[in-house]
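One letter stands for each residue in the lines below.
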Amino acid sequence: MSTRQLNTNGNGILSSSENGFVDSVPPFSLEKAVQELIQQSPEEMDDLELSEALRTVAKAVRRTAEGKASALAEAAEWKRKYELERERNIQLEHKELSHDKQNCGLQSERPTDLKHGLEFFPQANEENMNCCDQNGICNLEVLRDGETDSDSELVSNRMTKKAPFKLSWICKGANQYKHDVVSFARGNITTAERSSKQISLKWESSPRTVLVLTKPNSNSVRVLSIEMIRWLKEQKKLDIFVEPRVRSELLAESSFFGFVQTWKDEREILLLHTKVDLVVTLGGDGTVLWAASLFKGPFPPLVPFSLGSLGFMTPFYSEHFKESLDSILRGPISITLRHRLQCHIVRVAANEELDTDEPILVLNEVTIDRGISSFLTNLECYCDNNFVTAVQGDGLILSTPSGSTAYSLAAGGSMVHPQVPGILFTPICPHSLSFRPLILPEHVTLRVQIPLGSRSPAWASFDGKGRRKLEPGDALLCSMATWPVPMACQGDSTSDFLRSIHEGLHWNLRKIQSFDGPRDS
């Protein structure tokens, strides 16, 4: 009996279709086909029938392994959603407890987020209520740091509480004070008003601690960092944190910098967000990416100074750092919330959930490519468990709007404003004439899987570093992270974005057509 006969009788195993998608069939059909193959002797089949039968069994085994990998990926995603929901419920409970204590006049003890060491304080004064009515923000919360018992030994006795702040919408013009209002009148859906989505940050007390991150191996950056740290300490009376490498350089320069603080291990890095009010970077976009990699959760407001090459995310000029920092420390300031992607690798060889890799946050993009292999990558892509396509080419880029002007742009993707929520889906040199980039909504979860029948493994890199090998059967889950990077603006988010593509890329730079010549009559 041949495989073609099995398909004719309705017991077909698998059938390939376009883009490498494989149709599924009931498991009993696979078992029946394997039993029929075992019962037959090699003398009863010719070479072609034997080859087709062996391919049928191989496809059955492959489908079973892919089902296991899919189940592991789905289990990891459900765990992530459960943890996020549990964290939100804990925060809501603490917020309600804080509200009850405030109404009763209790000021002695504050509710604390046990996981992140944070406290939430609803604003109840008249000024904030007016802001709610005008700008459509109904539940302003102030993020303040708190200390858990387990982490108290790592917090310096010299450190004071973080500076609280509040966020609100900036409304430009008299007609932009409303929400996006959808009206359904007489069977017609219309948008009545649109409000400005520029976010403003206002300090409720002066910042006390600044983290300064610098580009390594640069004399100009080193000189500027020394001047800036001295100015922040002498003129602004601020506590300064730097990297261990920078602290050693400062102490080698002068014993005056003995006040500068740093961290000792990874555990202290995880607690930086509870100590630091403001982050300052001196360098280019690479320094901003390095700063984003330090904070695995909440991120303090970031002020990036441009000392690099292009500077898509560094709107502040280093020559005017005193004026810029003085204005930012006074407030209010406009900020852009740059979203990050959360990536999770699920290994097909994992025996249990603990064997999977830790989640990774990226600010620009995650890239899955063929590495040094001469074979095309074969990547099966799913969006919320819906099959999207199979990528056959050099690889795939999953990018944030902030990363749309980086690798994704070079691969043919569109430039996207950083406040447009979405995930860019950009192929790298696809072997197809019709594979165009996509922009998917921010709430989806993407899964990129290496088929078990792939000729070679793939490689994933996160913001250009931390390359991980993906064996056949492994999967990469990607979704929007909970914690964005709040980045200070020189003007506002739109003017900074347009200036970056004009100055950095010379976007649409062309000579103006001469006014001399023929005209329409």
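Residues numbered from 1 in each chain as written. Predicted model: local features only at pLDDT ≥ 70, side-chain atom pairs only at ≥ 80, totals over all residues. Heavy atoms only, no water.

A.B. asks: Would you take a moment to explain the environment of Lys202 for this structure?
C.D. replies: Its place among the elements puts Lys202 in strand β6 (residues 198-203). Using a relative accessible area of 35% as the deciding quantity, one classes Lys202 as partly exposed. Considered as a pair, Lys202 and Ile333 are 131 residues apart in the sequence and their alpha carbons are 6.7 Å apart. (Helix = DSSP H or I, 4+ residues; strand = E, 2+ residues; numbered from the N terminus. Buried < 20%, exposed > 50% of the residue type's maximum accessible area, 1.4 Å probe, protein only.)

A.B. asks: Which parts of the structure should I look at to understand the pattern of salt bridges?
C.D. replies: One side chain can pair with another of opposite charge once the charged atoms of both are near each other. Under the counting rule described, the total for this entry stands at 11 salt bridges. Put simply, Asp239 and Lys233 hold a salt bridge, and the shortest N to O gap is 3.9 Å. A salt bridge links Glu243 to Arg245; the shortest N-O distance between them is 3.4 Å. Judged by relative accessible area, Glu243 falls into the buried class, the value being 8%. On the basis of relative accessible area, Arg245 is assigned to the partly exposed category, the value being 31%. Each member of the salt-bridge network shares a partner with another, and the members are Lys236, Asp326 and Arg330. (Salt bridge = Lys/Arg side-chain N within 4 Å of Asp/Glu carboxyl O.)

A.B. asks: How should unusual backbone geometry be read in this particular structure?
C.D. replies: Glycine aside, the phi torsion of most residues is negative, and most peptide linkages are trans. For the bond from Gly331 to Pro332, the omega torsion is -10°, close enough to zero to count as cis. Here Pro332 lies in the loop between α9 (321-330) and β12 (333-338). Even without being a glycine, Asn385 presents a positive backbone phi close to 70°. Phi is positive for Asn508, which is not a glycine, with a value near 55°. The topology assignment puts Asn508 in the segment after α11 (493-505).

A.B. asks: Could you clarify how one ought to interpret the packing of aromatic side chains in this entry?
C.D. replies: For any two aromatic rings, the description comes down to two numbers: the centre-to-centre distance and the angle of the planes. For the coordinates displayed, the defined rule picks out 8 aromatic pairs. Here Phe256 and Phe257 contribute two aromatic rings whose centre-to-centre distance is 5.3 Å and whose plane-to-plane angle is 80°, an arrangement assigned as edge-to-face. Looking at Phe256, the relative accessible area reads 31%, which means it is partly exposed. Judged by its relative accessible area of 0%, Phe257 falls in the buried class. (Phe/Tyr/Trp six-rings, centres within 6.5 Å; stacked < 30°, edge-to-face > 60°.)

A.B. asks: It is not clear to me how the pairing of strand β7 (residues 209-214) should be interpreted in this structure. Could you clarify?
C.D. replies: Regular strands place their side chains on alternate faces of the sheet. Burial of β7 is extensive: 6 of the 6 residues sit out of reach of the surface. The alternating pattern of β7 places Thr209, Leu211 and Leu213 and Val210, Val212 and Thr214 on opposite faces, both of which are buried. With 3 bridges connecting them, β7 and strand β8 (residues 239-241) associate as parallel partners. Across the sheet, residue Leu211 finds its bridge partner in β8, namely Phe241. This β-α-β element, β7 to helix α5 (residues 219-234) to β8, shows right-handed connectivity. In terms of strand pairing, β7 meets strand β9 (residues 278-283) through 5 bridges, oriented parallel. What sits directly across from Val210, in β9, is Leu278. (Pairing = 2+ DSSP bridges. Right-handed = clockwise from strand over helix to strand, strands pointing away.)

A.B. asks: Just checking my understanding: could you explain α9 for this structure?
C.D. replies: Along an α-helix, residues three or four positions apart point the same way, because every turn accommodates 3.6 residues. Every buried residue of α9 is listed here: Phe321, Ser324, Leu325, Ile328 and Leu329. Buried residues along α9 cover an arc of 125° about the axis, so they all sit on one side. Exposed and facing more than 90 degrees away from the buried side of α9 are Glu323 and Arg330. Just downstream of α9, Gly331 is the residue with a positive phi angle, here 75°. (Arc of directions from axis to C-beta.)

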